[in-house]
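# Structural features, examined
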Amino acid sequence: MDLDAARLPRARHEVLGTHLSSWRSWAVRSRCSHLECPPNRMIAVTDIADSRGDVTLEGMADGIRCSACGATAGAVSLVLRLTAGESIQRVRSAA
Ligand SMILES: [Zn+2]
């Protein structure tokens with residue numbers, strides 16, 4: 001998948017099996033399903049790939065934890081910052 005294709009919004013089931021190497025320019029935004037926890041800081045996809053390897057988005061989302069309480073993140077999205085704004089690809093929605 002090239003980057004232009006990755007910018008197009010897609011159904012979640014189609015992207016869950018893609019690997020981090022397809023999303024190098026993107027960052028991961030996540031938040032806990034506990035509303036009292038603050039949102040996690042954004043993490044560059046390349047930083048996750050450096051520590052976890054070229055896992056799938058589904059595997060990546062399973063490994064994202066809340067920085068406050070340590071629970072598995074309830075909502076995980078990929079975010080690409082563009083000059084015109086942000087492109088967002090949802091990976092997991094809040095439970
Ligand atoms: Zn939390």
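Counting restarts for each chain, with residues numbered from 1 along the sequence as it is written. Given that this is a predicted model, residues contribute local features only at a pLDDT of at least 70 and side-chain atom pairs are listed and counted only at 80 or more, while totals for whole chains, interfaces and linings are drawn from all residues.

Attention now moves to the overall build of the chain. Along the chain, the regular secondary structure elements total four helices and four strands. Taken from the N to the C terminus, the helices and strands of the chain come in the order α-α-β-β-α-α-β-β. Within the chain, the proportion of its 95 residues that are buried is 22%. Residue pairs in contact within the chain that sit at least 24 positions apart in sequence constitute 58% of those at least 6 positions apart. Secondary structure counts use DSSP, requiring at least four H or I residues in a row for a helix and at least two E residues in a row for a strand, with both numbered from the N terminus. Each residue is classified by how many other C-beta atoms fall within 10 Å of its C-beta atom, where C-beta atoms are placed from the backbone; a count of 20 or more means buried, 12 or fewer means exposed, and values in between mean partly exposed. For the purpose of contact definition, each residue receives a C-beta atom placed from its backbone, and two residues are in contact when these atoms lie within 7 Å.

The subject of this paragraph is the environment of Q89. With respect to the helices and strands, the residue Q89 is situated in strand β4 (residues 85–92). What makes Q89 buried here is the crowd of 20 C-beta atoms within 10 Å. Measuring from C-alpha to C-alpha, the distance between Q89 and W26 comes to 9.7 Å, with 63 residues separating the pair along the chain.

Membership of the largest hydrophobic core comes to 15 residues, with the highest contact counts inside it found for A61, I64, V76 and V91. Residue assignment for this core shows that the elements contributing at least two residues are α4 (57–63) and β3 (75–82). With near-sequence residues (within four places) excluded, A61 lies in contact with V76, V91 and R92. Core membership is restricted to buried Ala, Val, Leu, Ile, Met, Phe, Trp, Tyr and Cys residues, and these are joined into a nonpolar core through C-beta atoms within 7 Å.

Pairing between two strands is assigned when DSSP locates at least 2 bridges connecting them. Strand order in the open sheet formed by four strands is β2-β1-β3-β4, and the pairing between neighbours is antiparallel. The open sheet is flanked by β2 (43–44) and β4, the only strands paired with a single partner. Relative to β2, strand β1 (residues 27–31) is paired through two bridges, and the arrangement is antiparallel. Counterpart to V28 in the pairing with β2 is I43.

This paragraph deals with the pairing of β3. Alignment of β1 against β3, held across five bridges, turns out to be antiparallel. Counted as the bridge partner of R31 is A75 from β3. In this structure, β3 lies alongside β4, joined through seven bridges in antiparallel fashion. Within β4, the position partnered with V76 by the bridge is R92. The antiparallel pairing of β3 with β4 creates a hairpin that spans two residues between the two strands.

Moving on: the confidence of the model for the chain. Regions with low pLDDT should not have their predicted coordinates read in detail. Per-residue confidence for the chain gives a mean pLDDT of 88, with 87% of residues at or over 70. Per-element averaging of pLDDT across the chain places helix α1 (residues 3–7) at the bottom with 53 and helix α3 (residues 45–52) at the top with 97. Values of pLDDT, which run from 0 to 100, indicate the predictor's confidence residue by residue.

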